[in-house]
Amino acid sequence: MSEGENKKSAQTHNIRAARQIVDTVKTTLGPMGMDKMLVDGGGNVIVTNDGATILRELDIAHPGGKMIVEVAKMQESLCYDGTTSTVVLAGQLLANSEMLFEKGLHPNVICRGYHEASQVATDYLKELTLDQWKSRDSDEPGHSNEFLTMIAKTAITGKTLETSLDSVAQLCVDAVTAAGNVDNVRVLSLPGGSIDDSYLFNGVVLNKDFVGGSDYDINYTYEAADVLLLNTGLEMEKGEENVQVQLDAQTYQSFKDSGKNDLLARAKMIVDNTDCGILFVRDGVAESVISYLKKNDIDVIHRLPESSMKRLSKALGCSIYQTPEEQMKPFKNVSWEIQKHNDVNYIFVYGGQPDAVAISLDETTLILRGATNTTLDEVERGFDDALGVVSLVLNNGGAVYGGGSAYVAMASHLRTRAASIGGRAQMAIEAFSDALESISATIAENAGHDPLDTVLAMRHAVLNGSTSMGPDVNNGGITDMADLGVVEPTELVRQAVLSATEVTNAILRIDDIIGRKGVE
Ligand code: ADP
Ligand code: MG
């Protein structure tokens with residue numbers, strides 16, 4: 001084989017491997033996309049429709065395929081959703097580049113053409129961004145909420161969650177608008193119940209139980225508890241237990257007792273100086289102290305993560321004391337309950353000071369319910385997507401119509417530009433435009449309709465000035481995405497186009513695969 005052929009074969013291998021990976025996830029795209037069942041060697045099953053999850057779980061050896069997985073992960077981390085679209089687009093760009101190779105185009109020419117096309121296309125997205133968004137700050141109450149709900153619904157369509165579309169979408173919008181952004185939404189999945197039982201909890205959930213058990217009833221809301229938050233001071237310090245000195249048995253016992261007495265003295269301060277009922281402690285609490293406190297009607301939850309302590313402090317509006325020597329004042333009137341899920345007890349502490357105005361927690365806890373662990377995982381993934389896109393629109397502004405309509409409009413815009421460029425680069429730009437249309441084509445195809453008819457009808461609509469038409473997944477042909485409320489973040493589409501182009505170009509630039517020595 002000549003050197004030229006060798007290089008070409010490296011490209012072809014990479015492209016083939018990448019496209020094979022694309023084909024496995026392609027059928028999941030869109031509202032009628034199918035689910036995949038992933039089974040590992042141990043028989044563990046994941047049922048999912050989420051492109052990034054499928055790719056993460058695939059055992060991929062070929063470098064070209066691995067690059068596709070990377071781009072899906074990148075899209076997920078930046079935009080939370082749109083992973084399958086990114087991968088499908090990259091697959092089509094690669095397929096089209098193979099045709100260009102055959103026509104004699106050099107990979108560099110293709111890369112340059114693709115790169116330029118991606119810039120022009122994504123610039124045009126600004127013009128496709130919907131005006132509705134601009135009324136976000138307008139006086140119309142509820143308008144922005146309604147719009148955000150549509151964003152959430154589009155992300156959920158086709159997923160397990162779809163059965164509870166309205167309530168889930170509303171929950172996501174409420175969670176993100178209350179918390180400011182998706183990073184401040186804590187999601188807690190509790191098996192049992194149905195998706196519709198999911199709710200927002202304004203408070204703190206502790207994955208903990210009282211030390212030494214308690215007689216409290218499960219699922220009963222206790223009110224008016226007096227609580228204290230304490231950082232440290234109720235167990236022997238490490239140093240005290242590990243001292244390297246020789247002591248005879250008696251001296252050692254009295255040394256130990258003095259430590260214990262210190263601790264009990266501190267515990268006594270809590271009992272004498274406060275009327276605390278529940279003590280939340282960051283560090284550990286010695287057993288002797290726990291039983292002493294219990295005798296004095298104080299229940300203890302210890303070894304709480306710092307984050308939980310901070311959350312409790314914020315939710316209740318009370319301070320965390322460093323040691324019992326401080327002047328401590330318990331926080332009054334706290335409502336709480338114990339819930340048992342899958343044999344694990346959780347303590348739910350309700351936020352807010354009873355007599356004060358509602359406090360802002362800066363974060364929200366979304367309690368997810370689902371019948372089994374398998375469905376619950378997929379529910380969680382659906383929520384992640386929906387929470388993410390709502391946050392993206394809320395913080396990065398802007399949305400476009402979905403169903404691939406923005407991609408088709410970008411393609412038409414590019415074609416008018418390509419004609420004026422001429423030459424070989426024009427061919428690459430045209431190939432890029434064709435690839436952009438693969439999103440709508442695949443959505444239509446996965447719904448059992450003719451992809452070509454759909455794309456041609458959408459192109460025609462764009463020529464006539466309508467950029468909101470997309471695949472009609474129920475009846476075939478096209479329908480107005482504006483009527484269906486199918487909208488998605490502009491940033492998601494922009495990132496999908498840029499990432500897909502980047503990975504395609506990276507694959508095209510590789511002309512050799514060389515084995516590396518493994519790192520010891
Ligand atoms: P991704 O991983 O790319 O988000 P999805 O399977 O979630 O893949 O499909 C997303 C695509 O489906 C987006 O282009 C979105 O606009 C489109 N879509 C969602 N709902 C509809 C609908 N009712 N009709 C047509 N397209 C839709
Ligand atoms: Mg999606």
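Residues numbered from 1 in each chain as written. Chains lettered and ligands numbered in written order. Predicted model: local features only at pLDDT ≥ 70, side-chain atom pairs only at ≥ 80, totals over all residues. Heavy atoms only, no water.

Draft legend 1. Highlighting the site of ligand 1. Of all residues adjacent to ligand 1, which total 19 residues, the nearest are D81, T84, S85, G403 and E488. Separating an oxygen atom of ligand 1 from a backbone N or O atom of G82 is a distance of 3.1 Å. Expressed as a share of its isolated accessible area of 580 Å², the protein-covered part of ligand 1 is 94%. Ranked by residue count, the leading element in the shell around ligand 1 is helix α4 (residues 83-102), at three residues. (Near = heavy atom within 4 Å. Polar contact = N/O pair within 3.5 Å; in protein donor to acceptor, adjacent residues only side chain to side chain. Areas by Shrake-Rupley, 256 points an atom, 1.4 Å probe, with all protein chains shown as cover. Helix = DSSP H or I, 4+ residues; strand = E, 2+ residues; numbered from the N terminus.)

Draft legend 2. Representation of the layout of surface pockets. Of the voids in this model, the largest pocket is the one considered here, and its volume is about 860 Å³. G30, P31, T154, T157 and V486 are, among the 42 residues lining the largest pocket, the residues nearest its centre. Of all elements in the fold, only α4, α6 (143-156), α12 (373-396), α15 (438-446), α17 (481-484) and β16 (487-489) reach the threshold of two or more residues within the lining of the largest pocket. Residue contributions to the lining of the largest pocket peak at five residues, all from α6. Classifying every residue of the lining of the largest pocket gives 19 nonpolar, 15 polar and eight charged. (1 Å grid on protein atoms, 1.4 Å probe; cavity = no way out; pocket = protein on both sides within 12 Å on 5 of 7 lines; lining within 4 Å. Points joined across faces, edges and corners; volume = space filled by probe spheres on them. Nonpolar A, V, L, I, M, F, W, Y, C, P; charged D, E, K, R; others polar.)

Draft legend 3. Representation of α15 within the structure. Within α15, eight of the nine residues are buried, which leaves the element mostly enclosed by the surrounding structure. Of all the positions in α15, only S438, I439, S440, A441, T442, I443, A444 and N446 are classed as buried. Among the residues trailing α15, G448 stands out with phi positive, at a value near 85 degrees. (Buried < 20%, exposed > 50% of the residue type's maximum accessible area, 1.4 Å probe, protein only.)

Draft legend 4. Representation of the packing of helix α5 (residues 107-128) against helix α14 (residues 423-436) in the model. Direction vectors running N to C along α5 and α14 enclose 55 degrees, while the axes themselves pass 8 Å from each other. Judged by the angle between their axes, α5 and α14 are oblique. Where α5 crosses over α14, the two elements pack in a sense that is right-handed. For the pair formed by α5 and α14, the contact residues are V109, I110, G113, Y114, A117, S118 and A121 on the first element and R424, A425, A428, I429, A431, F432 and L436 on the second. Counted by class, the contact of α5 with α14 contains 11 nonpolar, two polar and one charged residues. (Axes fitted to C-alpha atoms, helices over the stretch in contact; angles between N-to-C directions. Parallel < 35°, antiparallel > 145°, perpendicular 65-115°, else oblique. Left-handed = near helix turned anticlockwise from the far one by under 90°. Contact = heavy atoms within 4.5 Å.)

Draft legend 5. Molecular detail of the packing of aromatic side chains. Scanning the entire structure with this criterion turns up nine aromatic pairs. Ring plane angle 75 degrees and centroid distance 5.0 Å describe the contact between Y216 and Y222, whose orientation is recorded as edge-to-face. Overall, the relative accessible area of 23% leaves Y216 in the partly exposed class. On the basis of relative accessible area, Y222 is assigned to the buried category, the value being 18%. Seen in terms of ring centroids, Y222 and W336 are 4.9 Å apart; in terms of plane orientation they differ by 20 degrees. Their pairing is stacked. Taken together, the residues span a long stretch of sequence, with Y222 in strand β6 (residues 222-230) and W336 in strand β10 (residues 331-341) at a distance of 114 residues. On the accessibility criterion, W336 (3% relative accessible area) is buried. (Phe/Tyr/Trp six-rings, centres within 6.5 Å; stacked < 30°, edge-to-face > 60°.)

Draft legend 6. Expanded view of the nonpolar core. M410 and L436 are the most contacted members of the largest nonpolar core, which has 95 residues in total. Here this core gets 10 residues from one element, more than from any other, and that element is α12. In terms of nonpolar packing, the next biggest core, distinct from the first, is built from 22 residues, F210, V227, L304 and F331 among them. (Core = buried A, V, L, I, M, F, W, Y, C linked by side-chain atoms within 4.5 Å.)

Draft legend 7. Highlighting the pairing of strand β1 (residues 36-39). Note: β1 against strand β2 (residues 45-48), four bridges, orientation antiparallel. Bridge pairing in β2 places V39 opposite V45. (Pairing = 2+ DSSP bridges.)

Draft legend 8. Examining the environment of K340 more closely. Within the secondary structure, K340 sits in strand β10. Leave out the neighbours within four places in its chain, and K340 touches I218, N219 and N345.

Draft legend 9. Seen up close, empty space enclosed by the protein. Summed over the entire model, instances satisfying the criterion amount to one cavity of 30 Å³ or more. When its volume is computed, the largest cavity comes out at roughly 30 Å³. Lining the largest cavity we find F210, V227, I278, F280, I301, V334, W336, I347 and V349. Elements supplying a minimum of two residues to the lining of the largest cavity: β7 (278-281), β10 and β11 (344-350). Looking at the lining of the largest cavity residue by residue, the class counts come to nine nonpolar, no polar and no charged.

Draft legend 10. Layout of the pattern of salt bridges. All told, the structure shown has 18 salt bridges when counted by the stated rule. Ionic pairing is found between E70 and K73, a salt bridge with its closest N-O pair at 3.6 Å. Of this pair, E70 and K73 both sit in helix α3 (residues 63-79), three residues apart, roughly one helical turn. Assessed through its relative accessible area of 46%, E70 is described here as partly exposed. A relative accessible area of 34% means that K73 is categorised as partly exposed. Its salt-bridge partner being D434, residue R415 comes within 2.9 Å of it at the nearest N-O pair. Of this pair, R415 sits in helix α13 (residues 405-421) while D434 sits in helix α14, and the two are 19 residues apart along the sequence. A relative accessible area of 22% places R415 in the partly exposed class. A residue is classified by how much of its surface remains accessible, and D434, at 38% relative accessible area, is partly exposed. (Salt bridge = Lys/Arg side-chain N within 4 Å of Asp/Glu carboxyl O.)

Draft legend 11. Structural context of the pairing of β11. Among the seven residues that make up β11, five are buried, leaving the element largely enclosed by the rest of the structure. Inspection of the sheet shows strand β5 (residues 203-206) paired to β11 by four bridges, in the antiparallel sense. By the bridge assignment, G203 is partnered in β11 with Y350. Across six bridges, β10 lies against β11 in antiparallel orientation. Pairing of I338 across the sheet is with I347, part of β11.

Any functional reading would require information that these geometric values do not contain.
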